[in-house]
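# A structural walkthrough
Here's the letter readout for the chains.
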Amino acid sequence: RGGPLTLNLESKSFEINLYTDNRVWWVGNAGCYASFSDAGISQSLYTNFEFKALTTLTLSVGPQFSRDISKAQWVGKFSDITASETYNNRYVFAYLDQTTFAADIRADWIINPKLSFQIYLQPFIASARYSDFKYLAKSKSYDFVKYGENGSTIEETISEDGNISFTLDPDGNGPSESRTINNLDFNYISLRGNAVLRWEYLPGSTLYLVWTQSREDIDSNGDFLFGRSMNKLFGIRPDNIFMLKLSYWL
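Residues numbered from 1 in each chain as written. Predicted model: local features only at pLDDT ≥ 70, side-chain atom pairs only at ≥ 80, totals over all residues. Heavy atoms only, no water.

### Some words on the overall build of the protein chain
- Within the protein chain, the secondary structure is distributed over one helix and 13 strands.
- Ordered by position from N to C terminus, the α and β elements of the protein chain give β-β-β-β-β-β-β-β-β-β-β-β-α-β.
- In terms of its C-alpha atoms, the protein chain occupies a principal-axis envelope of roughly 80 × 45 × 40 Å.
- Split into buried and exposed, the 250 residues of the protein chain put 32% on the buried side. (Helix = DSSP H or I, 4+ residues; strand = E, 2+ residues; numbered from the N terminus. Buried < 20%, exposed > 50% of the residue type's maximum accessible area, 1.4 Å probe, protein only.)

Shown next, in the form of structure tokens:
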């Protein structure tokens, strides 16, 4: 990010993937991935199942769940002439605990050689909680000073409307200027979907009828609550777009 170098810690990772025979009426695959280091942990589980309900109808669903923990997630940079070890800037990081769920849901229906219908849905939930704010102690290292220790201070403030902010001071009553950052926790939910009807009304001439819907919401609650998020998702007022495309082969 144009600042001092930091030390990249050694990490270890592994991945496992399993597949079924793709010649039968249902096909599945599942896998997992994990990475471990002193800088954090990344874990992911994913799967996909495809069902041939009819010779002309295929259904598939592919959920994925992941959790990422970073012990030094970038937060921001503040000018500070007393931070000589990091080129007169204070580079702030935090402990990040993030959980994500997503799924790809599809249906493909060949009604006849000239008429087909496809639908796609993707629910998405991501939550993140930030804590243990700290700043980089010196260049070319993975050393940090946690706010609230070694003479530094951190003060949490809750406004009348419930918004949370943190005032960070690297040296307490010293010459460094304190800085205030807003609460970075979030819970983001969204649903993307589209449906496409394709009709070849003449050889080479096609009509498409498309319906696209999107829903999304974000709040400052960093907890991952799957049931609550899904219930809230389907209660959000959606944005709908309808499109018609017509082509004619001369």
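The rest of the description comes next.
### Re the pairing of strand E5 (residues 89-112)
- As defined by bridge partners, strand E4 (residues 57-79) adjoins E5 across 20 bridges and the pair is classed as antiparallel. When the sheet's bridge partners are listed, Arg67 is paired in E5 with Thr99.
- Relative to strand E6 (residues 115-136), E5 runs antiparallel, the two being bridged by 17 bridges. Within the sheet, the bridge partner assigned to Asn112 lies in E6 and is Leu115. (Pairing = 2+ DSSP bridges.)

### Some points on the packing of aromatic side chains
- Tallied over the entire structure, the rule returns 13 aromatic pairs.
- Considering the side-chain rings of Trp74 and Tyr91, the 6.0 Å spacing of their centres and the 45° angle between planes classify their relative orientation as tilted. Taken together, the residues span a long stretch of sequence, with Trp74 in strand E4 and Tyr91 in strand E5 at a distance of 17 residues.
- Exposure remark for Trp74: the relative accessible area of 24% places this residue in the partly exposed category.
- Seen from their ring centres, Trp199 and Tyr201 are 5.6 Å apart, and the 55° between their planes marks the pair as tilted.
- Residue Trp199 is classed as partly exposed on the basis of its relative accessible area, which comes to 42%.
- Grouped by ring-pair contacts, the aromatic residues Trp74, Tyr91, Phe93, Tyr142 and Phe144 constitute a single cluster.
- Directly above the ring of Tyr135 sits Arg90, whose terminal nitrogen or CZ lies 4.4 Å from the centroid.
- The side chain of Lys134 reaches across the aromatic face of Phe144, ending 5.9 Å from its centre. (Phe/Tyr/Trp six-rings, centres within 6.5 Å; stacked < 30°, edge-to-face > 60°. Lys NZ or Arg CZ within 6 Å of the ring centre and 35° of its normal.)

### Some details on the pattern of salt bridges
- For the coordinates displayed, the defined rule picks out eleven salt bridges.
- Salt-bridge contacts for Arg67 lead to Asp97; the nearest nitrogen and oxygen are separated by 2.6 Å. Here Asp97 lies in strand E5 and Arg67 lies in strand E4, a separation of 30 residues in the sequence.
- For Asp97, a relative accessible area of 21% corresponds to the partly exposed category.
- Ionic pairing is found between Arg192 and Glu216, a salt bridge with its closest N-O pair at 3.4 Å. Of this pair, Arg192 sits in strand E11 (residues 186-202) while Glu216 sits in strand E12 (residues 205-219), and the two are 24 residues apart along the sequence.
- On the basis of relative accessible area, Glu216 is assigned to the partly exposed category, the value being 45%. (Salt bridge = Lys/Arg side-chain N within 4 Å of Asp/Glu carboxyl O.)

### Examining unusual backbone geometry
- In the Ramachandran plot, Asn88 falls in the positive-phi region, its phi being about 60° despite a non-glycine side chain.
- Residue placement: Asn88 occurs in the loop between E4 and E5.
- Residue Asn88 is classed as partly exposed on the basis of its relative accessible area, which comes to 38%.
- Notably, Lys140 is not glycine yet its phi reads approximately 60°, a positive angle.
- Summarising the element assignment, Lys140 is placed in the loop between E6 and strand E7 (144-146).

### Quick notes on the nonpolar core
- Residues Val92, Tyr130, Phe133, Tyr147, Phe166, Leu168 and Ile181 are the most contacted members of the largest nonpolar core, which totals 13 residues.
- At the level of secondary structure, the elements contributing two or more residues to this core comprise E5, E6 and strand E9 (164-169).
- Considering each element in turn, this core owes the most residues, four residues, to E6.
- Apart from residues lying up to four places away in sequence, Phe166 is in contact with Phe133, Ile154, Glu155, Glu156, Arg179, Thr180, Ile181 and Asn183.
- By size, the runner-up hydrophobic cluster in this structure holds eight residues, among which are Ala103, Ile125, Ile189 and Met230. (Core = buried A, V, L, I, M, F, W, Y, C linked by side-chain atoms within 4.5 Å. Contact = heavy atoms within 4.5 Å.)

Note that every value here comes from positions in space, so none of it alone points to a role or purpose.
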